[in-house]
Amino acid sequence: MRSPLPDYLTEVLDACTDGSGTLADYIPELANVDPDRFALSLVTAEGTTYSAGDDNHVFTIQSISKPFVYGLALEKRGFEAVLGKIDVEPSGEAFNEISLERDSGRPLNPMINAGALTAHALVADADSPGTAIEEIRALLSALAGRELDIDEKVAASEMQTTYRNVAIANLLRGYEIFCDDPDEVVAGYVRQCSVDVTTTDLAMMAGTLASGGIQPRTGVQIFSRPVVRQVLSVMATCGMYDAAGDWLSTIGIPAKSGVSGGLIGVLPGQLGIAAYSPRLDEHGTSVQGVAAFERLSRDMNLHLM
Ligand code: DON
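Residues numbered from 1 in each chain as written. Predicted model: local features only at pLDDT ≥ 70, side-chain atom pairs only at ≥ 80, totals over all residues.

### Quick look at the domain arrangement of the protein
The assigned domain composition of the protein is domain 1 (5-62 + 196-299) and domain 2 (65-193). If you look at the interface, domain 1 gives 33 residues, while domain 2 gives 32 residues. Broken down by secondary-structure element, the contributors of at least two residues to the side of domain 1 that touches domain 2 are β4 (196-197), α9 (199-210) and α10 (225-238). When residues of the side of domain 1 that touches domain 2 are assigned to their parent elements, the largest contribution, seven residues, is made by α10. Residues belonging to the side of domain 1 that touches domain 2 are distributed by class as follows: 17 nonpolar, 10 polar and six charged. (Domains from an automatic or database assignment. Contact = placed C-beta atoms within 7 Å. Helix = DSSP H or I, 4+ residues; strand = E, 2+ residues; numbered from the N terminus. Nonpolar A, V, L, I, M, F, W, Y, C, P; charged D, E, K, R; others polar.)

### So, the pairing of strand β1 (residues 39-44)
Among the six residues of β1, five are classified as buried, and the element is accordingly described as predominantly covered. Inspection of the sheet shows β1 paired to strand β2 (residues 49-53) by five bridges, in the antiparallel sense. Counterpart to Leu42 in the pairing with β2 is Tyr50. Where β1 hands over to β2, the hairpin turn is made up of four residues, of which Gly47 adopts a positive phi near 100°. Across six bridges, the pairing between β1 and strand β7 (residues 271-276) is antiparallel. Opposite Val43, over in β7, you have Gly272 as the bridge partner. (Buried ≥ 20, exposed ≤ 12 C-beta atoms within 10 Å, placed from the backbone. Pairing = 2+ DSSP bridges.)

### Here we look at the environment of Tyr163
Mapping Tyr163 onto the fold places it in helix α7 (residues 163-174). Separated by 23 residues in sequence, Tyr163 and Val186 place their C-alpha atoms 9.9 Å apart.

### Some remarks on the site of the ligand
The local shell around the ligand holds 13 residues, among which Gln62, Ser63, Cys193, Val259 and Gly284 are the closest. Here the residues of the shell around the ligand are counted per class, giving three nonpolar, nine polar and one charged. Counting contributing residues, the shell around the ligand receives three or more from each of domain 1 (5-62 + 196-299) and domain 2 (65-193). (Near = placed C-beta within 6 Å.)

### A short note on the pairing of β7
Counting buried positions over the six residues of β7 gives six, a clear majority of the element. What you see with β7 is no split at all: Leu271, Ile273 and Ala275 on one side and Gly272, Ala274 and Tyr276 on the other are buried throughout. Here strand β6 (residues 262-267) runs beside β7; their pairing, made up of six bridges, is antiparallel. Counterpart to Leu263 in the pairing with β7 is Ala275.

### Points about the nonpolar core
Leu117, Ala206 and Ile264 are the most contacted members of the largest nonpolar core, which totals 102 residues. Composition of this core by domain shows at least three residues from each of domain 1 (5-62 + 196-299) and domain 2 (65-193). Contact partners of Ile264, with chain neighbours within four places excluded, come to Ile64, Leu202, Met205, Ala206, Ala255, Lys256, Gly272, Ile273 and Ala274. (Core = buried A, V, L, I, M, F, W, Y, C linked by C-beta atoms within 7 Å.)

And the structure:
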């Protein structure tokens, strides 16, 4: 028997289509996308997938890579080393603000760009810093359950305008938060953000966090339970930047947004959810993606509190 869920997801997409918001244009290539694409995918902790809309449409992962790279840094370097370099406090500021702890220069959390640049640098091995991006691409592929590629056109486009990330990386180097070449860290981080995904891939990644670090389709243990708990905690408190409190109180799901229009949410033990629609609000979050999550949370009673 066919599950009624895809019909319901199509209804959600129809109800949440309103055409408001604007495409990100500070990365020139992101302004060249079809603004009307809209997709929703769900993956249960057991690996069943439900999708509706443009779920085969490919877009760059952008900031949704951040929780996963933070998880990789925790797995590789351990909690003490990572917490010594990146705090876990909400910044209440935009993703590209210079939200650093006074005196130490430690980024306030791993979801803002300062923390994500640091997590990227933590993944890099001192003797071969350029290989971090390959390790990260392999991690994201394992989470999606298929081989993912980097969109070099989007990466090159971001490299032309990424002055703020270059400035933040230089500041972090100045504070000795990392000792790698700041330009190399930025180049790797930008390519990390340019990994191509679909909503089905993102729902699989979110589903891996929902199932305690085990990829629901392949059964591979990618993250340990303590790492999953840490990643979900910072997603809940910091994943939506300066809208984190509003998001958690209204929708109630640990989440992460990306400036290309992707959005993921994780219900521990239950579901990974992903949406895509590229028109953004003032926080750099998908307008229709937020509407779809609001609707799912209300209809399916998903609020965790
Ligand atoms: O560093 C940047 O500005 C982008 N590569 C990623 C920003 C992003 O996705 C912010 N989240 N909404």
